[in-house]
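Commentary on secondary and tertiary structure
Each chain is listed here by its residues.
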Amino acid sequence: EAGVTQFPSHSVIEKGQTVTLRCDPISGHDNLYWYRRVMGKEIKFLLHFVKESKQDESGMPNNRFLAERTGGTYSTLKVQPAELEDSGVYFCASSPRGVPNSPLHFGNGTRLTVT
Amino acid sequence: QKEVEQDPGPLSVPEGAIVSLNCTYSNSAFQYFMWYRQYSRKGPELLMYTYSSGNKEDGRFTAQVDKSSKYISLFIRDSQPSDSATYLCALDGAGSYQLTFGKGTKLSVIP
């Protein structure tokens, strides 16, 4: 079984530019989550998809962040325009629906550096 | 006060030692308690999951939860160099997987 795949693994952009991160969850996992770790801070929840629907986006920091999951398969997280404080590691995770106590499977993250 | 407090370490122990990792929390709404292990440049990997006070054992790992004290622990017996990683506690209030993480404790097991 292939794990959660994130692309790119590392991105360096200038302030004001746009970046799009991609996540491919484990096949068949309806739940998809985005988390972020900013330098020196804890990993924090951003949002949760169930299939293509946003279940909870309470952790999204502001409207410069846009997450999509068209067709309920892979997801993208766009940051536009990027600011310095957006630097960090962005993790995607997935889990199957309707399976009690099923753990989150995390990808290896995208390390975003905004200069 | 942070919702979850975890000493970031670093913690260095000799091979074979018993390791104790801890988190405290302030929100009594947390009902699910997890420990994740994260190797460098990798994503977090679930080690232990529990939702009640008491102990849960899995091989060399024991998770302990004391809801009355809002205190959770992970014990590693007979630690191995391959256990060298960052250990993160993660708490959940409603089983929704909107996890609240500790900062993580970086552990090094010296051969």
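A brief report on the enclosed structure follows. (Residues numbered from 1 in each chain as written. Chains lettered and ligands numbered in written order. Predicted model: local features only at pLDDT ≥ 70, side-chain atom pairs only at ≥ 80, totals over all residues. Heavy atoms only, no water.)

A short note on the environment of B:Arg37
All names here are of chain B. Note that Arg 37 resides in strand β4 (residues 32-38). The class for Arg 37 is buried, based on a relative accessible area of 12%. In this structure, the C-alpha to C-alpha distance between Arg 37 and Thr 105, residues 68 residues apart in sequence, is 9.6 Å. Setting aside its immediate chain neighbours within four residues, Arg 37 contacts Gly 43, Pro 44, Glu 45, Leu 47, Phe 61, Asp 83, Ala 85, Thr 86 and Tyr 87. Among the polar contacts made by the side chain of Arg 37, one reaches the side chain of Tyr 39 at a distance of 3.5 Å. (Helix = DSSP H or I, 4+ residues; strand = E, 2+ residues; numbered from the N terminus. Buried < 20%, exposed > 50% of the residue type's maximum accessible area, 1.4 Å probe, protein only. Contact = heavy atoms within 4.5 Å. Polar contact = N/O pair within 3.5 Å; in protein donor to acceptor, adjacent residues only side chain to side chain.)

Some details on the sheet that holds strand β1 (residues 5-7) of chain A
Residues and elements named next belong to chain A. In spatial order, the strands read β1-β3-β8-β7; together these four strands make up an open sheet with antiparallel pairing. With partners counted over all chains shown, the strands left at the sheet margins are β1 and β7 (65-68), one partner each. The mean inter-strand angle of the sheet, taken between neighbouring strand axes irrespective of direction, is 15°. In terms of strand pairing, β7 meets strand β8 (residues 75-79) through four bridges, oriented antiparallel. Paired with Glu 68 across the bridge in β8 is Thr 76. (Pairing = 2+ DSSP bridges. Axes fitted to C-alpha atoms, helices over the stretch in contact; angles between N-to-C directions.)

Regarding the pattern of salt bridges
Going through the model one piece at a time under the given rule, you end up with eight salt bridges over all chains. A:Arg64 serves as the salt-bridge partner of A:Glu85, at 4.0 Å between the closest nitrogen and oxygen. Here the residue A:Glu85 occupies a position in the loop between β8 and β9 (88-95), and A:Arg64 occupies one in the loop between β6 (53-56) and β7, the gap between them amounting to 21 residues. Judged by its relative accessible area of 12%, A:Arg64 is buried. Between B:Arg60 and B:Asp83 there is a salt bridge; the shortest N-O distance is 2.8 Å. With a gap of 23 residues between them, B:Arg60 in the loop between β6 (54-58) and β7 (61-66) and B:Asp83 in the loop between β8 (71-76) and β9 (85-92) connect regions that are remote in the sequence. (Salt bridge = Lys/Arg side-chain N within 4 Å of Asp/Glu carboxyl O.)

Digging into unusual backbone geometry
Note the cis peptide between A:Phe7 and A:Pro8, where omega equals -5°. Unlike most non-glycine residues, A:Lys51 shows phi in positive territory, near 55°. Mapped onto the elements, A:Lys51 comes out in the loop between β5 (43-50) and β6. Overall, A:Lys51 belongs to the partly exposed group, its relative accessible area being 40%. Positive phi values are uncommon outside glycine, yet B:Lys70 reaches one of about 55°. Inspection of the secondary structure assignment puts B:Lys70 in the loop between β7 and β8. Its relative accessible area of 24% is what places B:Lys70 among the partly exposed residues.

None of the figures reported here should be taken as evidence of function without further support.
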